[in-house]
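# Reading the structure
Below, each chain spelled out in residue letters.
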Amino acid sequence: MANNTTSRRVFLQAGLLGTATLLGACGKKEEAAAPAAPAASESTAATPAAPAKVYVVGTDAAYAPFESQNEKGEIVGFDIDIVSAIAAKAGVQVKFVNTPWEGIFNAVAQGDRDLLVSAITITDERKQSMDFTAPYFDAVQLIAVRKDSKVTKFEDLKPLKVGVQTGTTGDEVVTKLLGKNSAAIKRFESTPLALKELESGGVDAVVADNGVIAHYVTNNAGAGFKTVSDPSFTPEQYGIAVRKGNTAVLEMLNQGLAGIRADGTYDRIYAKYFGSAPATAGTPASAASK
């Protein structure tokens, strides 16, 4: 009897022990599963917003005071400040990339640049392959010669060697004057290079944007230059260029440009570079054009 009782107790204890073990095991499984709740909650959390698009801006940074590089290698200038202000008004970000003038239009056509700002004159020919914003700067050509030069008007350049920046409107007007294949035309990658050639005597004159020439003459008094204006030069206007048909970016830029004109930002930027606000926003009396 005692043995039977003992056996029953053993079996009963074993059963209780098994039940306790089972319950304990179930308890551990529940504890292990607990961390899954935050994971489920994370999966239902809102997806972080994608970073805002950064618009890549092509500019030929060798055209002070419109665009150039400072001693730190940063791209600075009137055009840079204008586009930066437009971007701030539109609530977008921009990144300026130094882009050689010779390939700048292909860069926007191929989508390597979202827009261009580089003292670009709006012309009918250029409008065939790209779109422009409303004009943001009025411009005209100017002649630079040495102080002892006898040049008083554009026609006086006919027997002389003339430096221009390749592919600019200065290049166009000199080509019309001297002829497309004239050996007297010396073309350079930038206007400052052409002016350096004038300083060394390699050319007799340089025709380029008057804002650029005036800035160079003012800041290089030792070069011994003077400037000559001519009423025959056609007034021109700068525009910000985008790929043909890119209406979304064009509208954004035009709205931003109108905004900075309306709130006085344009006038403040103009005064920073040219000494005083223009008589009419966007129509400075002394500017220049590519």
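Fair warning: this is a prediction, and the values are worked out from it, not measured in the lab.

What follows concerns the overall build of the protein. Secondary structure summary: the protein contains 10 helices and 14 strands in total. Here the protein holds 290 residues, and the buried ones make up 42% of them. Once local pairs closer than 6 in sequence are excluded, the contacts in the protein between residues at least 24 apart make up 71%. Surface accessibility of the protein: about 15300 Å² in total, with carbon and sulfur atoms responsible for 55%.

Below, the discussion takes up the sheet that holds strand S12 (residues 225-228). Backbone-to-backbone hydrogen bonds join strands into a sheet, with any given pair of strands oriented parallel or antiparallel. Pairing in this open sheet of 5 strands is mixed, and the strands run S10-S9-S11-S8-S12 from one edge to the other. Of all the strands in the sheet, just strand S10 (185-188) and S12 have a single pairing partner and so form its edges. For this sheet the average axis-to-axis angle between neighbouring strands, irrespective of direction, equals 30°. One ladder, built from 4 bridges, connects strand S8 (residues 141-146) with strand S11 (residues 205-209); its direction is antiparallel. Bridge pairing in S11 places Leu-142 opposite Ala-208. Each of S8, strand S9 (162-165), S10 and S11 touches helix H6 (residues 169-178); the most contacted strand, S9, lies at about 145° to it. Each of S8, S11 and S12 is contacted by helix H8 (residues 210-219), which is oriented at about 120° to S11, the strand it contacts most.

Moving on to helix H10 (residues 265-274). Residues of H10 that are buried include every one of Thr-265, Tyr-266, Ile-269 and Tyr-270, and no others. Relative to the axis of H10, the buried residues are bounded by an arc of 130° and lie together on one face. Away from its buried face by more than 90 degrees, H10 exposes Arg-268 and Lys-272. Contact partners of the buried residues in H10: helix H3 (78-90), strand S7 (137-139) and helix H9 (247-262). Of the residues trailing H10, Gly-275 is marked for its positive phi of about 95°.

Moving on, we get to H8. For H8, the full list of buried residues reads Asn-210, Gly-211, Val-212, Ile-213, Tyr-216 and Val-217. Of the surrounding elements, those touching the buried residues of H8 are S8, helix H7 (191-200), S11 and S12.

In this structure, Phe-78 and Tyr-136 are the most contacted members of the largest nonpolar core, which totals 32 residues. If you list the elements that add at least two residues to this core, you get strand S1 (54-59), H3, S7, H9 and H10. Those residues in contact with Phe-78 that sit more than four places away from it in its chain are Pro-65, Phe-66, Tyr-136, Phe-137, Tyr-266, Ile-269, Tyr-270, Tyr-273 and Phe-274. Val-164, Leu-177, Leu-178 and Ile-185 belong to the second-largest nonpolar core, a separate cluster that totals 15 residues.

With that out of the way, let us pick up unusual backbone geometry. With an omega of 10°, the peptide bond between Ala-64 and Pro-65 qualifies as cis. With respect to the helices and strands, Pro-65 occurs in the loop between S1 and strand S2 (68-69). A positive phi angle, near 50°, is found at Ala-119, a position not held by glycine. Within the secondary structure, Ala-119 sits in the loop between strand S5 (115-116) and helix H5 (124-127).

Time to look at the packing of H3 against H10. In contact at an axis separation of 10 Å, H3 and H10 are set at 165° when each is read in the N-to-C sense. When the axis of H3 is compared with that of H10, the two are roughly antiparallel. Crossing of H3 against H10: the hand is right-handed. Counting all contacts with H3, which are made through Phe-78, Asp-81, Ile-82 and Ala-85, the residues of H10 involved are Thr-265, Tyr-266, Ile-269, Tyr-270, Lys-272, Tyr-273 and Phe-274. For the contact of H3 with H10, the class distribution of residues is 8 nonpolar, 1 polar and 2 charged.

Moving on to the confidence of the model for the protein. Parts of the model with low pLDDT should not have their predicted coordinates read in detail. Taken as a whole, the protein shows an average pLDDT of 85; of its residues, 78% reach a score of 70 or greater. Taken together, the stretch residues 281-288 has pLDDT below 50 and engages in 36 contacts with residues farther than four places along the chain or on a different chain.

The rules behind each value
- Residues numbered from 1 in each chain as written.
- Predicted model: local features only at pLDDT ≥ 70, side-chain atom pairs only at ≥ 80, totals over all residues.
- Heavy atoms only, no water.
- Helix = DSSP H or I, 4+ residues; strand = E, 2+ residues; numbered from the N terminus.
- Buried < 20%, exposed > 50% of the residue type's maximum accessible area, 1.4 Å probe, protein only.
- Contact = heavy atoms within 4.5 Å.
- Areas by Shrake-Rupley, 256 points an atom, 1.4 Å probe, with all protein chains shown as cover.
- Pairing = 2+ DSSP bridges.
- Axes fitted to C-alpha atoms, helices over the stretch in contact; angles between N-to-C directions.
- Arc of directions from axis to C-beta.
- Core = buried A, V, L, I, M, F, W, Y, C linked by side-chain atoms within 4.5 Å.
- Parallel < 35°, antiparallel > 145°, perpendicular 65-115°, else oblique.
- Left-handed = near helix turned anticlockwise from the far one by under 90°.
- Nonpolar A, V, L, I, M, F, W, Y, C, P; charged D, E, K, R; others polar.
- pLDDT = per-residue confidence, 0-100.

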